[in-house]
Amino acid sequence: MIKLLSHLSYVAITSPDVEASVDFYEKQVGLTVVDRVDGAVYLRCWGDYYRYSVVVLPGDEPSLATMAWRTSSPEALEEAVKRIEASGVSGEWFDGVSIGRAYRFTGPWGHSMTLHWEVERHQAPGNVASIFPDRPEKRSTVAGAPRQLDHVTVATSDVDAFAAWYNEVLGFRIMARTVLDEAPISVFSVLTTNEKSHDLGVVLDGSSRAGRVNHYAFWVDTREELLIAADVLMEHGTPIEYGPSIHGIGEQNFLYYREPSSLRIELNTGGYRNYVPDWTPNTWKPSLGSNNLYRNGAMPLSMTESFPPADGPSATEEGVPDEIKDALLNPYAVQGRG
Ligand SMILES: [Fe+2]
């Protein structure tokens, strides 16, 4: 198979209060607004090469409207569409904002994905044009602002089947997965189109609501910037949900927080690069520190929430079975593990 996809290019999310979300991204994250079209706000990180990487759309609930990948060539776009349709899934062509002719489909587990080859490269206005030729724009003046969009992690009822479909149809490499210590249940997997440990993650969703997202992530250059970003959020009164710490899988430094819609955002830096074309994914257990390399910081219950909220009385109940919840939340409690 030719290489079909090159990297995650943008995420479009919905927010019940677009202006509150946009204000948060501008002041606390350090993104800038580049366009407003029909109620949608287009934002970018200072180091994104294309015009935008985040789109905030009005919606009743926080959700992932679509996740977009740039293909490796115009031919790769045609080939990807052929493969998607041969798998029995059909989408539609449309003309996107600054991405030309693009194809959008809903995957087997309900996630909208957009594929495109054409892009509009960012042209920085004079006052923020960088003195360095490779930089699309000057470094942000907001402390700890991310350089680029990094990855998106969705939620699905069958982690391994999800990974297999995106591997077989679109060529994502499966890099790792987490299976519970207590039972043969896959709760997490990471996939990539490039040398990063993942640009697509997937967590187990015990709810009956398809197409949900757990979080999306930005990249900062250094751990120091990640810590400064955490400081900036704390000074603004924005709670840190989990971290700063280091993931076992991927080995990135991580930090999770929520934007005003309640959607979860992650910051990442560090970790390995992996170019092995025939990589065999390893299986982790939570007790090995898949989430937390130091095996000393259990994930808070709130991290099991995905978006939009599942039907049910409590957002934190979410349909995650108790055995899974217990295993995820306190993976280091059982004696003799490790
Ligand atoms: Fe992540």
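Quick note: structure is the one above.
Residues numbered from 1 in each chain as written. Predicted model: local features only at pLDDT ≥ 70, side-chain atom pairs only at ≥ 80, totals over all residues. Heavy atoms only, no water.

Caption draft 1: Quick look at the coordination of the iron ion. For the iron ion, every protein donor is listed as H151 (NE2), H215 (NE2) and E266 (OE), and the spread of their distances is 2.0 to 2.2 Å. In primary-sequence terms, the residues that donate to the iron ion follow H-x63-H-x50-E. A residue pair is termed long-range when its members are at least 10 positions apart, and H215 in strand β13 (residues 213–219) and E266 in strand β16 (residues 264–269) qualify at 51 residues. The two residues H215 and E266 agree in class, both being buried. (Donors = N, O, S within 2.8 Å, 3.2 Å for Na, K, Ca; no water. Helix = DSSP H or I, 4+ residues; strand = E, 2+ residues; numbered from the N terminus. Buried < 20%, exposed > 50% of the residue type's maximum accessible area, 1.4 Å probe, protein only.)

Caption draft 2: Examining the side chain of H198 more closely. When you line up the elements, H198 lands in the loop between β11 (186–192) and β12 (200–204). Within polar-contact distance, the side chain of H198 engages the side chain of H151 at 3.3 Å. Aside from chain neighbours lying at most four places away, what touches H198 is D150, H151, T153, V190, L191, T192, Q252 and N268. (Polar contact = N/O pair within 3.5 Å; in protein donor to acceptor, adjacent residues only side chain to side chain. Contact = heavy atoms within 4.5 Å.)

Caption draft 3: Molecular detail of unusual backbone geometry. Of note, the amide linkage connecting G243 to P244 takes the cis form, showing an omega dihedral of 0°. Note on placement: P244 falls in strand β14 (residues 240–246). Phi angles above zero are rare outside glycine, and S262 is one such case at about 95°. Tracing the backbone shows S262 in the loop between β15 (253–258) and β16. By relative accessible area, which is 28% here, S262 ends up partly exposed. Backbone geometry places R295, a non-glycine residue, at a positive phi of 55°. Position of R295 among the secondary structure elements: in the loop between β17 (282–284) and α5 (322–329).

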